[in-house]
Amino acid sequence: MHKTQCLIIGGGPAGLSAAIYAARAGLETQIVGCDPKVAGDYDIDNYFGFEATITGKELITRGRRQAAKFGTQIDCEKVLGVHHGEAGGFVVKTDVREFEACAVILATGVARSKPNIPDLAAFEGKGVSYCVSCDGYFYKGKPVVVAGEGLFAANQALELLAYTPNVRICTLGKAPSYPPDIARKLDEAGIAVLQSKITSLTGELDLSGLAGLKRIGLSDGTTLEAHGLFIALGEASSTDFAYTLGVERNGNFIQVDREMCTNIPGVFAAGDCTGGFLQISVAVGEGALAARSAIAHVKSTCPKARPVQTEG
Ligand code: FAD
C-alpha cells in the first residue's frame, strides 16, 4: 500500500493547481490521472496571463512541470474506487495499485452521462444503482447485471461476487475494453459478458406503486432475470466516489462549500466536477482553495512525523 498525505484524483487544471499549492506547502502530494479534457490542441485565449493563444496541451504540460517541481508525484492510472480506511483516512484503488491517503481531492472533471435505457430514472433506488459498495448488500443471492464496457464495470462485477454469485455484464452494444487478465478473471468467476443493448426494464407493482426491478429486456430479443442493475459506464467518476464515501451531491455534481470542502471531513472537490462555470480559470481557483482546505486538514489530522534531530 502506497501512503501519501494528499491524493488528488484528476490531472486537469483543477488537480494540477491543487497539487502546486499542496506540494509547495510541504505535503506529500500524489496526482492520479491521465489526459485531461483540455489537453488536446484546443486553442485557449481567455486564460489570464497568456495574451498569445496557447493550446490546452501546452498549458497542461506547463502545469504538470510546475506541480512536479514542488515534488508532486504524477501517475497516469485510473481510479476504480475510493473507500474510508479502517484506521481513518481513505483507501484509493487504481487499476495498478492501492494508496492510503489522509486527504483526497476530487478533480475528475464532469461526471459521465447516464445510459439511454428506457425507464431508468423510474427504477433508480428500486433496482437501478450506481454504487456496488453502497447497494450490493441489498442484492444478496439475487441475479444482478452490471451495465458498462470498461474496467470500471468489470471491477464492479467482481466486487458484486461478495454478495451474489449471479452476476452478468451487459456492455450496451459496445466491445469490452478491459485487459486480458481481467477478462480471464471474469471468465473464471463465471460472469457472462453480453454485448446487447438494454431495451426495457420490467418491475412488479405493489400497493404503493413500482416495487422493484425484476427483468431486463435485451436488443437480441432475450430477457434476463435481474433484481439489480448497476450502472458503471466508462471510467469511475467523482459521483461514483461520492456514492461510496457518502459525499453529498447536487445532481451530477459534488456539493462543496466556499472552501471546497464536502460534507465528509478529508474529502475536497474542485473544478468541473463541482458544477458552476466550467472554465479553466474557475477550475484553477477552486483547486487552490481545495488544496488550502486539504493542507489544514492534513496538518490537524495526520501531520507527518518530524525526522528525529541528532546532535553533532
Ligand atoms: P478536466 O480538465 O476534465 O480534468 C479531469 C481529470 O480527471 C483528467 O485528467 C481525467 O483523466 C481525470 N479523471 C477522470 N476520472 C478519473 C478516474 N476515474 N481516475 C483517474 N483520473 C480520472 N475552458 C476555458 O477556460 N477556455 C477554453 O478555451 C476552453 N475550451 C474548451 C474546449 C473544449 C473542446 C472543451 C471540451 C473544454 C474547454 N474548456 C475551456 C473547459 C475546460 O476544459 C474545463 O473547464 C477544465 O478542463 C476543467 O478542469 P478540471 O480539472 O476540472 O477537469
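Residues numbered from 1 in each chain as written. Predicted model: local features only at pLDDT ≥ 70, side-chain atom pairs only at ≥ 80, totals over all residues. Heavy atoms only, no water.

Caption draft 1: Seen up close, the state of the cysteines. Throughout the structure, instances matching the rule amount to two disulfides. There is a disulfide in this structure between Cys34 and Cys76, and the S-S distance comes to 2.1 Å. Torsion about the S-S bond of the Cys34 and Cys76 cystine: about 100°, corresponding to right-handed handedness. Of this pair, Cys34 sits in the loop between strand 2 (29–32) and strand 3 (43–44) while Cys76 sits in the loop between strand 5 (73–75) and strand 6 (79–84), placing them 42 residues apart in sequence. Overall, Cys76 belongs to the exposed group, its relative accessible area being 57%. Each sulfur of the disulfide joining Cys102 and Cys302 lies 1.6 Å from the other. Across the S-S bond linking Cys102 and Cys302, the dihedral sits near -50°, which makes this disulfide left-handed. (Disulfide = S-S within 2.5 Å. Helix = DSSP H or I, 4+ residues; strand = E, 2+ residues; numbered from the N terminus. Buried < 20%, exposed > 50% of the residue type's maximum accessible area, 1.4 Å probe, protein only.)

Caption draft 2: Molecular detail of the environment of Gln156. Of note, Gln156 is situated in helix 5 (residues 151–160). Residue Gln156 is classed as buried on the basis of its relative accessible area, which comes to 6%. For the pair Gln156 and Val146, spaced ten residues apart in sequence, the C-alpha separation works out to 7.3 Å. Sequence-distant contacts of Gln156, defined by excluding residues within four places in its chain, comprise Tyr130, Cys131, Val132, Val146 and Ala232. (Contact = heavy atoms within 4.5 Å.)

Caption draft 3: Quick look at the site of the ligand. Neighbouring the ligand are 32 residues, the closest being Cys34, Val79, Ala236, Asp272 and Ile280. Between an oxygen atom of the ligand and a main-chain N or O atom of Ala14, the distance comes to 3.0 Å. Here a nitrogen atom of the ligand sits 2.8 Å away from a polar atom, N or O, in the main chain of Val79. Compared with its free state, where it exposes 1,000 Å², the ligand has 84% of that area covered by protein. Taken together, the residues of the shell around the ligand sort by class into 16 nonpolar, nine polar and seven charged. (Near = heavy atom within 4 Å. Polar contact = N/O pair within 3.5 Å; in protein donor to acceptor, adjacent residues only side chain to side chain. Areas by Shrake-Rupley, 256 points an atom, 1.4 Å probe, with all protein chains shown as cover. Nonpolar A, V, L, I, M, F, W, Y, C, P; charged D, E, K, R; others polar.)

Caption draft 4: Examining the packing of helix 1 (residues 13–24) against helix 8 (residues 280–301) more closely. Between helix 1 and helix 8, whose axes approach to 7 Å, the crossing angle comes to 40°. With respect to each other, helix 1 and helix 8 are oriented oblique. For the element pair helix 1 and helix 8, the recorded crossing hand is right-handed. In this structure, helix 1 contributes Pro13, Ala14, Ser17, Ala18, Tyr21 and Ala22 to the contact, and helix 8 contributes Ile280, Ala283, Val284, Gly287, Ala288, Ala291 and Ile295. (Axes fitted to C-alpha atoms, helices over the stretch in contact; angles between N-to-C directions. Parallel < 35°, antiparallel > 145°, perpendicular 65-115°, else oblique. Left-handed = near helix turned anticlockwise from the far one by under 90°.)

Caption draft 5: Structural detail: the sheet that holds strand 11 (residues 167–170). The five strands are arranged 9-16-10-11-12 in an open sheet whose pairing can be described as parallel. Strand pairing shows two members of the sheet lacking a second neighbour, strand 9 (128–129) and strand 12 (192–194), which therefore form its edges. Here two bridges tie strand 9 to strand 16 (residues 228–231), and the two strands are oriented parallel to one another. The residue of strand 16 that forms the bridge with Val128 is Leu229. (Pairing = 2+ DSSP bridges.)

Caption draft 6: Representation of the pattern of salt bridges. Tallied over the entire structure, the rule returns eight salt bridges. For Arg97, the salt bridge identified is with Asp75, shortest N-O distance 3.0 Å. Placement of the pair is Arg97 in the loop between strand 7 (90–94) and strand 8 (98–106) and Asp75 in strand 5, with a sequence separation of 22 residues. Across the pair Glu259 and Arg292 runs a salt bridge whose closest N-O atoms are separated by 2.7 Å. One end of the pair, Glu259, is in the loop between strand 18 (253–254) and strand 19 (267–269); the other, Arg292, is in helix 8, with 33 residues separating them in the sequence. The class of Glu259 is partly exposed, set by a relative accessible area of 32%. By sharing partners, the salt bridges in this structure join Asp75, Glu77 and Arg97 into a single network. (Salt bridge = Lys/Arg side-chain N within 4 Å of Asp/Glu carboxyl O.)

Caption draft 7: Inspection of the packing of helix 5 against helix 6 (residues 180–188) at higher detail. At a minimum axis distance of 11 Å, the contact between helix 5 and helix 6 shows a crossing angle of 30°. Between helix 5 and helix 6, the interaxial angle falls into the category roughly parallel. As for how helix 5 packs across helix 6, the hand of that crossing is left-handed. Contact residues: Leu151, Ala154, Ala157 and Leu158 in helix 5; Ile182, Lys185 and Leu186 in helix 6. A breakdown of the residues in the contact of helix 5 with helix 6 according to their chemical character gives six nonpolar, no polar and one charged.

Caption draft 8: How the structure looks around the pairing of strand 2. Burial along strand 2 is two-sided: Thr29 and Ile31 facing one way and Gln30 and Val32 facing the other are all buried. Relative to strand 2, strand 1 (residues 2–9) runs parallel, the two being bridged by four bridges. Paired with Ile9 across the strands is Val32, a residue of strand 2. Read from strand 1 through helix 1 to strand 2, the crossover connection turns out right-handed. In the sheet, strand 2 pairs with strand 5 via three bridges, with the strands oriented parallel. Bridge assignment links Ile31 to a residue of strand 5, and that residue is Ile74. (Right-handed = clockwise from strand over helix to strand, strands pointing away.)

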